[in-house]
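Commentary on secondary and tertiary structure
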Amino acid sequence: MTQQLVWLVTGSTGGSGLALVRTISARGDLVIATGRNISSRLSSLPSENPNIYLLDLDVVSPLEDIKSVIASAVAIHGRIDVLINNAGMSRMSSLEEGSEEFVKTIFDVNLFGSIKVAQAVLPHMRSRKTGTVAFIGAGLGWIAMPFLSHYSLTKASLTMFAEALQHEISPLGLRSIIFEPGGFDSDLATPRNDGFGGPPKIEDYQPVFGSVFGAASGIPKSAMAPSDIAKIPDAIIDVIKGEGLAKGRTMPLRVVLGPDSMDGIRQKCKEQLELLDEWEDVTLSVMKEGHRETSRWLLDNVSILPKS
Ligand SMILES: NC(=O)c1ccc[n+]([C@@H]2O[C@H](COP(=O)([O-])OP(=O)(O)OC[C@H]3O[C@@H](n4cnc5c(N)ncnc54)[C@H](OP(=O)(O)O)[C@@H]3O)[C@@H](O)[C@H]2O)c1
């Protein structure tokens, strides 16, 4: 029998985090479900499956506090094999109207929180020379949707973190991976009483907002969330464990989940290549004489494909 993996999931109090915890434990692995006050909010969760353990973790806490929670997490089963940085938030706001506190908070949760939890887990994984650090990014990390731009900014940054991390830790036997879902039903877009975000108050932006998100856009609400939250955990677990559709395949650095995410990213990549071709003369106009060949050193060190 293969050894049970020990997973730690952040933001497990609802949405995809909770769905992941339930699916990981149902598939026979051990899971430490973390979240803000999760031990009181979801105290009955371990009674659903004894593979689930609860630990309070607010990802915006100072790094030293997060390190101490991670030390407690490691002590539970003696190891963490897979970290899933899932905690996240989103609010609509025009870029101009995003308050300083809102911008700081969304970066604290979506980007700096993931960085800090990864920093806290990495020494443990390095000492065992094994472990996977996973991130839940978003298709919107590739494509900047108006009025969701702050969210896009955090997810685009998270992607670069996951990518750079992979370059640094794969030689040590560790792995980094980012999943980039499109829309699925959850509480992510549910309005909160934190005063952050909302439709633009500045009149100039209101017609733009209406044409993107209002009745004028003609987009049915269901089209905003074409993926099934019940299917997301199995896809993530399969890719990380090399099971199901991922059996026999090398784990990639980035995995796109959902048709809207895939189509948006494909369009972005195609359009970016078109722009590179169209403006190549300007791009190359700044080079020093005789420096056309880009060194293999640069290209080899940034490739996102698995090293052969
Ligand atoms: N839903 C989508 O369409 C979609 C698409 C692409 C990517 N994603 C990503 O998927 C992940 C999960 O989101 P979801 O859709 O499942 O939304 P959700 O239902 O709102 O879940 C978000 C989770 O993150 C937690 N969280 C927020 N701030 C936290 C903090 N400071 N410390 C710890 N936990 C915190 C929330 O906890 P509380 O209960 O305490 O608020 C909640 O458990 C996010 O990273 C999101 O960006 C979602």
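About the cut-offs
Residues numbered from 1 in each chain as written. Predicted model: local features only at pLDDT ≥ 70, side-chain atom pairs only at ≥ 80, totals over all residues. Heavy atoms only, no water. Pairing = 2+ DSSP bridges. Helix = DSSP H or I, 4+ residues; strand = E, 2+ residues; numbered from the N terminus. Axes fitted to C-alpha atoms, helices over the stretch in contact; angles between N-to-C directions. Contact = heavy atoms within 4.5 Å. UniProt positions renumbered as here; feature names shortened; annotations may be inferred. Near = heavy atom within 4 Å. Polar contact = N/O pair within 3.5 Å; in protein donor to acceptor, adjacent residues only side chain to side chain. Areas by Shrake-Rupley, 256 points an atom, 1.4 Å probe, with all protein chains shown as cover. Expected span 1.5 Å × (residues − 1). Buried < 20%, exposed > 50% of the residue type's maximum accessible area, 1.4 Å probe, protein only. Arc of directions from axis to C-beta. Patch = residues over 30% accessible without salt bridge, like charges linked within 9 Å, V, L, I, M, F, W, Y side chains within 5 Å. Salt bridge = Lys/Arg side-chain N within 4 Å of Asp/Glu carboxyl O. pLDDT = per-residue confidence, 0-100. 1 Å grid on protein atoms, 1.4 Å probe; cavity = no way out; pocket = protein on both sides within 12 Å on 5 of 7 lines; lining within 4 Å. Points joined across faces, edges and corners; volume = space filled by probe spheres on them. Nonpolar A, V, L, I, M, F, W, Y, C, P; charged D, E, K, R; others polar.

Considerations on the sheet that holds strand E2 (residues 30-35)
The parallel open sheet is built from seven strands, whose spatial order is E3-E2-E1-E4-E5-E6-E7. With one partner strand each, in any of the chains shown, strand E3 (52-56) and strand E7 (254-257) form the two edges of the open sheet. Across this sheet, the average inter-strand angle for adjacent strands is 20 degrees, counted without regard to direction. Pairing between strand E1 (residues 6-9) and E2: four bridges, direction parallel. The residue of E2 that forms the bridge with leucine 8 is isoleucine 32. Relative to the sheet, helix H4 (residues 63-77) contacts E1, E2 and E3, its axis offset from that of E3 by approximately 160 degrees. With respect to the sheet, helix H8 (residues 232-241) is in contact with E1, strand E4 (82-85), strand E5 (132-136), strand E6 (175-181) and E7, its orientation differing from that of E6 by roughly 155 degrees.

Some thoughts on the UniProt feature "transmembrane region" (unreviewed entry) in the protein chain
The UniProt record annotates "transmembrane region" (unreviewed entry) at residues 133-153. Secondary structure over residues 133-153 splits into 24% helix and 19% strand, and the C-alpha atoms at its two ends are 21 Å apart.

Looking at the site of the ligand
Not every one of the 28 residues close to the ligand is listed here, only the nearest: Thr13, Arg41, Asn86, Tyr151 and Ser186. Side-chain polar atom of arginine 36 to an oxygen atom of the ligand: 2.9 Å apart, as the coordinates give it. At a separation of 3.3 Å, an oxygen atom of the ligand approaches a polar backbone atom of aspartate 187. For the ligand, whose unbound accessible area comes to 890 Å², protein coverage reaches 92%. Of all elements in the fold, only helix H1 (15-26) and helix H6 (149-169) reach the threshold of two or more residues within the shell around the ligand.

Looking at helix H9 (residues 259-278)
An ideal rise of 1.5 Å per residue puts 28 Å on 20 residues; H9 measures up with 28 Å between its terminal C-alpha atoms. Ser261, Gly264 and Ile265 are the residues of H9 that are buried. Each buried residue of H9 lies within a common arc of 95 degrees when the element is viewed along its axis, so the set occupies one face. Turned more than 90 degrees away from the buried face of H9 sit Arg266, Gln267, Lys270, Leu273, Asp277 and Glu278, all of them exposed. Of the surrounding secondary structure, the elements contacted by the buried residues of H9 are E6 and E7.

Structural notes on a nonpolar patch on the surface
A cluster of nonpolar side chains, contributed by Trp297, Leu298, Leu299 and Val302, occupies part of the molecular surface with about 410 Å² of accessible area. Tracing the sequence through the fold places valine 302 in helix H11 (residues 296-302). Judged by relative accessible area, which is 42%, valine 302 ranks as partly exposed.

A word on the confidence of the model for the protein chain
For the protein chain, per-residue confidence averages 95 on the pLDDT scale, and 99% of positions sit at 70 or higher. Per-element averaging of pLDDT across the protein chain places H11 at the bottom with 87 and E1 at the top with 99.

Digging into empty space enclosed by the protein
Inspection of the entire model under this criterion finds one cavity of 30 Å³ or more. When its volume is computed, the largest cavity comes out at roughly 30 Å³. As for the largest cavity, its lining consists of Ser16, Leu20, Asn86, Ile136, Pro181, Phe184, Ile232 and Ile236. Only H1 and H8 provide two or more residues apiece to the lining of the largest cavity. Among the residues forming the lining of the largest cavity, the class breakdown is six nonpolar, two polar and no charged.

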